[in-house]
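# Remarks on the overall topology
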Amino acid sequence: MSKVMISGKEVATHNTRESCWIIVHGKVYDVTDFLDDHPGGSRIILKYAGKDATAEYDPIHPPDAITTHLPPEKHNPRAFSLGSVDPGTVQKVEVEVTDAEKQRLERVANRPSLSEILNLHDFEAIARMVMPEKAWAYYSSAAEDEITNRENHVAYHRIWWRPRILRDVTHVDWSTKILGHASKMPLYITATALGKLGHPDGELNLTKAAAKHGIIQMIPTLASCAFDELVDAAQPGQVQFLQLYVNQDREITKKFVQHAEKRGIKALFITVDAPQLGRREKDMRQKFEAEDPAEVTANKQEGKVDRMQGAARAISSFIDPSLDWKDIPWFQSITKMPLILKGVQCWEDALQAYDAGLAGVVLSNHGGRQLDFSRSGVEVLAEVVREVGARRSLSFPNDKFQLFVDGGVRRANDVLKAVALGATAVGVGRPFLYAFSSYGFEGVDHALNILTDEFEMNMRLIGARSLKEIVPEMVDASSLKSHIVPVPGDRLFDSNYESMQHARLREV
Ligand code: PPY
């Protein structure tokens, strides 16, 4: 774009609602016309009017949000970069450290050492105490009453082992192939957005840990790090997949997909469960509390963006709700990457995906963040294996059409249950977010060490030397479909679960 150099002094004069310029990554943007449409409200932009907004912008926006993810009607020249700024001349922003923030920093300083973190629940418990409140709200929130969110984990409690004994389990091996690519574990790091909310290195923490442990990372469309940064950070031969939100402007999607393929991405996971974002009320309540009620009311009356819906929902306006089965051939025409639908929730759709020539499906409800009362992936897995298997003479796992599940996984034990039922691999999302939010790369590294230990122990205890030996007969899943079976409570998981809140009186 423009090579014009603008002085910080000049930028500083555009510090009002009438003329508002901000600096992001050394470039100057005129956002005057965008102020009232900003999903996060105008107040936060105006705080940085005439100044450098990069530190505020970075964690909550994908790097190209200004240029790519503004709705098409916002793609006017005034919303684009005016030029670069002379860095030495930029006015500094005073950031006030609140008492709450001081207390949080104290908690950060008092984190237990990693050797005291024994399981993935522990990371969640620590993350909840040390993460900025808004970041925790965004990561942990789920749709409406969060029933599906909890059910995702609880569903694993309805599957019980039928282990085999007296097998020589000196050597156990839980490595596998996912879509033809070697993985040291039957799990992959699934896509989760906005990694820099939790840690300044964002998704890079995951790229590095995936390399170290020989597992696959699925890069999210809405990563905080730039896509190319994550690909560049991969080790030679490291396999990465890509999760795709389909843009209303298909040219943007086509460019992104073809660029990803050129950069060596090995599979494309198209998200199909989010034509509109679910109501995540923990997240929405945070946004609401951060708002000026007068501004919200005024904007509503003028029919402007309703920020009460939460920033995530507003950012998602680029996602195409018209996405349809008839678009599948188009995807097949623009890329040779294997295509997988992420967010399938019944066998009928899995069968249709198979018949459409796709490489697999992720049986997922988006971590409970979309349709509440959608069933857990692992419950749907059993149904897909039975119904699709019978109709197309397939047994699972197989190389032609692979089944993945995600949601609720906290232990290798959970992963192996899904494998027993026919999954090729399981996606793990939030636990890794919590690991890096509390301990950076070392946290994810430690989480994967814990899982490694758990895999080894569980393989031995169920009597399986390889994943091939983990057959459906090794589990009793007869209660899986029954949603009213009491089992002993999962105290660690439950104590992490933070109750939702009702609306509160405004403080006077
Ligand atoms: C999610 O939050 O569940 C996502 O999938 C990511 C996201 C973030 C912001 C807007 C749309 C989707």
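You'll find the structure just up there.
Just so we're clear, the structure is a prediction, and the values are computed from it rather than from any experiment. (Residues numbered from 1 in each chain as written. Predicted model: local features only at pLDDT ≥ 70, side-chain atom pairs only at ≥ 80, totals over all residues. Heavy atoms only, no water.)

## A look at the side chain of K282
Examined against the element boundaries, K282 turns out to sit in helix 12 (residues 281-289). Among the polar contacts made by the side chain of K282, one reaches the side chain of E146 at a distance of 3.0 Å. Among all residues touching K282, those that are not within four sequence positions of it are A137, S140, S141, E146, Y497, E498, S499 and M500. (Helix = DSSP H or I, 4+ residues; strand = E, 2+ residues; numbered from the N terminus. Polar contact = N/O pair within 3.5 Å; in protein donor to acceptor, adjacent residues only side chain to side chain. Contact = heavy atoms within 4.5 Å.)

## Thoughts on helix 18 (residues 412-420)
Among the nine residues that make up helix 18, eight are buried, leaving the element largely enclosed by the rest of the structure. Listed as buried for helix 18 are A412, D414, V415, L416, K417, A418, V419 and A420. After helix 18 finishes, the residue G422 shows a positive phi value of roughly 120 degrees. (Buried < 20%, exposed > 50% of the residue type's maximum accessible area, 1.4 Å probe, protein only.)

## Some points on unusual backbone geometry
Residue P397 is reached from F396 by a cis peptide bond, and omega for that bond is 0 degrees. With respect to the secondary-structure elements, P397 resides in the loop between helix 17 (377-392) and strand 14 (402-406). Notably, E146 is not glycine yet its phi reads approximately 60 degrees, a positive angle. You can see E146 is positioned in the loop between helix 7 (133-140) and helix 8 (147-154). One non-glycine residue with positive phi stands out, namely L194, at about 55 degrees.

## Digging into the site of the ligand
Neighbouring the ligand are 11 residues, the closest being Y138, Y245, R280, H366 and R369. Compared with its free state, where it exposes 320 Å², the ligand has 94% of that area covered by protein. Of the residues contributing to the shell around the ligand, the split by class is seven nonpolar, two polar and two charged. (Near = heavy atom within 4 Å. Areas by Shrake-Rupley, 256 points an atom, 1.4 Å probe, with all protein chains shown as cover. Nonpolar A, V, L, I, M, F, W, Y, C, P; charged D, E, K, R; others polar.)

## Some details on empty space enclosed by the protein
Evaluation of the coordinates by the stated rule reveals four cavities of 30 Å³ or more. Its volume calculated, the largest cavity comes out at about 190 Å³. Lining the largest cavity are 17 residues; nearest its centre among them are E124, N149, R410, F493 and Y497. Among the elements that make up the lining of the largest cavity, the one with the highest residue count is helix 8 (three residues). Classifying every residue of the lining of the largest cavity by side-chain character gives four nonpolar, seven polar and six charged. (1 Å grid on protein atoms, 1.4 Å probe; cavity = no way out; pocket = protein on both sides within 12 Å on 5 of 7 lines; lining within 4 Å. Points joined across faces, edges and corners; volume = space filled by probe spheres on them.)

## Thoughts on the sheet that holds strand 3 (residues 27-30)
Two modes of strand pairing occur in sheets, parallel and antiparallel, and in both the strands are linked by backbone hydrogen bonds. Strand order in the open sheet formed by four strands is 1-4-3-2, and the pairing between neighbours is mixed. A single partner strand is all that each edge strand has here, and the edge strands are strand 1 (5-6) and strand 2 (21-24). One ladder, built from four bridges, connects strand 2 with strand 3; its direction is antiparallel. Paired with V24 across the strands is K27, a residue of strand 3. (Pairing = 2+ DSSP bridges.)

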